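# Close look at the chain arrangement
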Amino acid sequence: SPAVTGAFMATRRNEFLDAGGFHEGYFYGYEDVDLCLTAVIRRGKRVVCANQLTAFHDRGHSRAQMDHKAALRVADNRHLLDRRFGYAYRRRMRSDRFARPGFWNVTLPRIAFAVTEAHRDATAGDYFTSLELARELENQFECQCYFLERSHSWYDLSGIDVLITMVDHYDLSLIENGSADLLKVAWVRNWFERFAESPSAPDYDLVWASSTKAAEFLEQKLAKRVDMFPLATNLEAFRHSNPREELASDYCFTGHHWQQARDIVSHLDHRSLEFEGKIFGNGWDEVEELRDIAQGPLPYDQLPDVYASTKLVIDDANHVTKPWGSVNSRVFDALGAGRLVVTNGVIGNDEIFDGRLPTYSSTEELSAALDHYLRDDLAREGLVAELRSVVETKHTYQQRAADAWQHLSNAARTQLRFAIKIGTPTAAERQQWGDYHFAVAMKRALDRQGHSTRIDCIDRWDCPETFGDDVVIVLRGLSRYEPRPDHINLLWMISHPDRVTHDELEGFDHVFVASKRHATTLRAELDVPVSVLLQCTDPEVFSPPDPGSIARNTGLSQALSRFDGVALVGNSRKKFRQIVRDCLEAEVDFQVVGTHWEPLLDEERILAQHIPNEELGRFYSRCTLVLNDHWETMREHGFFSNRLFDAAACGAQILTDRVDGLDEIFGDVLLTYGSVDELAQTVRSARASFESRRQQRSELASRIRRDHSFAVRIGDILRVVDSLDSLKSLGQDGDANTRGIDAAID
């Protein structure tokens, strides 16, 4: 065959030997790539491409002579490379994305802003805000910025590395062609409550909010860090603008009228003022009070001239920004142009300008401010000079671009991507599965630590996003997951120990077991490190209610909100559960909440099919007695039900079948039984002693929330992850050992 250009490697003999030579696990392929990765990742060497040299070889000659068996061995090379360097390579690729000059990434990072519309005459301000940030990002850093319009290919993210959404209703689940390493950012500047309730809100990797109050609110709602990221101004554009005669005024307002109540309508009595005012924006010709000073809309790029042509600017923060302290762009822009602003945004004024902007909350206050500062030029110009310096030093898009780049770089470098694999078949069914709510609580705890977490049902176990994951945590239920060699793979066995084989467990980097007894057994039988990690509770959901709050119906049906008897919350599993059978035989008055009980129980015993998870703790607190049971294999192997931790955290009185070791966690507060007669007697005793044992239950509730929360469990998991990350980031063949952490966790 004709000779073609090829690639050859050259290295010093001692460095070749120091790197261990070619790895003998490869068969004709990838051993050269492995050697280079060993040199760079493990030895800290550089690989240089000498493009000025040319070599020729008969390419593919050896490959053409291979038989089928040899071809299969070649195919295994990729798996070996993934096992040895897949994790380390991906982590370096992501960290290197925002470093220039970079080594691992050939292309510049591409940042896309999702906006309502993207053109010069756009009426929504999100485009112009993102336009200013995008311009500065491209000015200061090596990157490319794009705009995605709602009406055109909004969800097609082909070739995009970073998505920054500027609207609260962007649906991340509809993204097409997204990179596995896509960094998803929400810049929330208004509609904070609406954003917090959107299904996509918990799935952003970074969230920026335009005020401290909004950031604190979103942190509490989303259980993740939210950075304060206010709006700003393009100082060059607004400082070097030109006054125009046709725009001249003593005071002005810029902004649209969206058929919503605005303070400027009720507070600006322009007819009683001696000064000339103008309003620029859509919709003002339909407002009776202000139509005679309405000038119509102007393109965004003419706003600098508007401010240059006036003396003072009125700011009217609307109902979705004023209560949150979010400062409008017009405030920064007008001050950047050297024009004083009178605002109704007291909270934002206090936070950004230490309360130095003149404010108004009535017609009298606005008229007085306009009269004072338009008559006293020295007072106006002196104050605006002070405020302008604040904008120049802290609130320009130059600063915002630098901050944004730092946020992106930090996330790429330090944020780990977790995928929690649960045994729920599909997302449509997840609300009915306890594993899903367990995973949601895990996600909240992980997100609080600054990581990015996704929950995958079975139909999404192999979704495209998994190629960008760093850590996979399998909540082992009924289905088996096959680990990928380029991930940190963890398994948390919380139930069904009889279904998990030793061969399956050996495929993971670390195994957590919700049973001290079973963990001890597995340690003696497995090579993979094993730690005890009991089930736990989410104190945000499961806590004793505030006094009097139980009586309020906050989502529970009337029957549930008034219930105060003996109850089991659980599905029937399409057969009698032992505790239900025992209660029937003992003639205990009880009811159930769950599915598939209709063929087994009389209708009056079925209280409801489902309780929303966020209301389950409230229900437990109402019950006189919460019933609990375990699968037979869970009892045999020493596994404790998650329901015990949840109900105990609420201060509920609990009756359960016996499992060895329960007293180590719950002391003698938990009520147990071993026979039908004992069950009947225990129920009678529990009813009689309900009030006298309240203090004991309260003390147990505090201890469970403190020592057995998801935050505590995730802390244990992250210690293992940190150890594995340190090893796998150096390409340690994926066989990192974390046995030394076992004792600390146990």
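Below is a short write-up of the structure. Residue numbers run consecutively from 1 along every chain, following the written order of its sequence. In keeping with the predicted nature of the model, local features appear solely for residues at pLDDT of at least 70, side-chain atom pairs appear and are counted solely at 80 or more, and the whole-chain, interface and lining totals rest on all residues. Water and hydrogen atoms were dropped before computing side-chain values, which therefore reflect all heavy atoms in the structure.

## Some details on the sheet that holds strand E6 (residues 183-188)
Where we set the bar: Two strands are said to pair when DSSP picks up at least two bridges between them. To qualify as a helix, a DSSP run of H or I must reach at least 4 residues; to qualify as a strand, a run of E must reach at least 2; elements of each kind are numbered from the N terminus. Working rule for contacts: check all heavy atoms of both residues, and any pair within 4.5 Å makes them a contact. A fitted line through C-alpha atoms serves as each axis, taken over the contacting stretch for helices, and the angle formed by two N-to-C directions is quoted from 0 to 180°.
Pairing within the open sheet is parallel, and its six strands lie in the order E4-E3-E5-E6-E7-E8. Strands at the two margins of the open sheet, each flanked by one partner only, are strand E4 (144-149) and strand E8 (227-228). Where strand E5 (residues 162-165) lies against E6, four bridges are found, and the strand directions are parallel. Of the residues in E6, the one forming a bridge with Leu 163 is Lys 184. Those strands touched by helix H7 (residues 212-222) are E6, strand E7 (206-209) and E8, and its axis lies near 145° from that of E7. Where helix H15 (residues 397-414) meets the sheet, its contacts fall on strand E3 (110-115), E5, E6, E7 and E8, and the angle it forms with E7 comes to roughly 155°.

## Observations regarding the environment of Glu 216
Where we set the bar: Burial classification: accessible surface area is computed with a 1.4 Å probe over protein chains only, and a residue below 20% of its type maximum counts as buried, one above 50% as exposed, and the rest as partly exposed.
Among the secondary structure elements, Glu 216 is positioned in helix H7. For Glu 216, a relative accessible area of 52% corresponds to the exposed category. The sequence separation of Glu 216 and Asp 227 amounts to eleven residues, and the corresponding C-alpha distance is 9.1 Å.

## Considerations on helix H21 (residues 613-622)
Among the ten residues of H21, seven are classified as buried, and the element is accordingly described as predominantly covered. Three or more residues of H21 are buried, namely Asn 613, Glu 615, Leu 616, Gly 617, Phe 619, Tyr 620 and Ser 621.

## What about the packing of helix H5 (residues 126-140) against H15?
We count it as follows: Angles below 35 degrees are treated as roughly parallel, those above 145 as roughly antiparallel, those between 65 and 115 as roughly perpendicular, and all remaining angles as oblique. For this classification, the nonpolar set comprises Ala, Val, Leu, Ile, Met, Phe, Trp, Tyr, Cys and Pro, the charged set comprises Asp, Glu, Lys and Arg, and every other residue, Gly included, is treated as polar.
One way to put it is that H5 packs onto H15 with a least axis distance of 8 Å and a crossing angle of 70°. Comparing the axis directions of H5 and H15 gives the class roughly perpendicular. On H15, the residues touching Thr 129, Glu 132, Leu 133, Glu 136, Leu 137 and Gln 140 of H5 are Tyr 397, Gln 398, Arg 400, Ala 401, Ala 402, Ala 404 and Trp 405. Across the contact of H5 with H15, the residue classes break down as seven nonpolar, three polar and three charged.

## What to know about the environment of Arg 330
Keep this limit in mind: Contacts described as polar in this section are N or O atom pairs within 3.5 Å, which, within protein, must combine one atom able to donate a hydrogen with one able to accept it, while residues neighboring in sequence count only if both atoms come from side chains.
Tracing the backbone through its elements, the reader meets Arg 330 in helix H11 (residues 329-336). Given the relative accessible area of 11%, Arg 330 is considered buried. Once you skip the residues sitting within four places of it in the chain, Arg 330 turns out to touch Phe 253, Thr 254, Gly 255, Arg 262, Tyr 307, Ile 314, Asp 315 and Asp 316. A distance of 2.8 Å separates the side chain of Arg 330 from the backbone oxygen of Thr 254, its partner in a polar contact.

## Some details on the pattern of salt bridges
For clarity, the cut-off: We define a salt bridge as a side-chain nitrogen of Lys or Arg found within 4 Å of a carboxyl oxygen belonging to Asp or Glu.
A full pass over the atoms with the stated rule returns 55 salt bridges. A salt bridge links Glu 274 to Arg 375, with the nearest nitrogen and oxygen atoms 2.9 Å apart. Of this pair, Glu 274 sits in the loop between helix H9 (263-267) and strand E10 (277-280) while Arg 375 sits in helix H13 (residues 363-375); the two residues are 101 residues apart in sequence, bridging distant segments of the chain.

## With respect to unusual backbone geometry
Located in the positive-phi region is Tyr 30, a residue other than glycine, with phi close to 75°. For Tyr 30, the location among the structural elements is in the loop between helix H1 (13-18) and helix H2 (31-42).

## A look at the environment of Val 40
Here Val 40 is to be found in helix H2. Note on Val 40: relative accessible area 18%, which makes it buried. The spatial distance from the C-alpha of Val 40 to the C-alpha of Asp 354 is 51 Å, given a sequence separation of 314 residues. Apart from the residues lying within four places of it in its own chain, the contact partners of Val 40 are Lys 45, Val 47 and Trp 104.

From the geometry alone we can't say anything about function, so treat these as descriptive.
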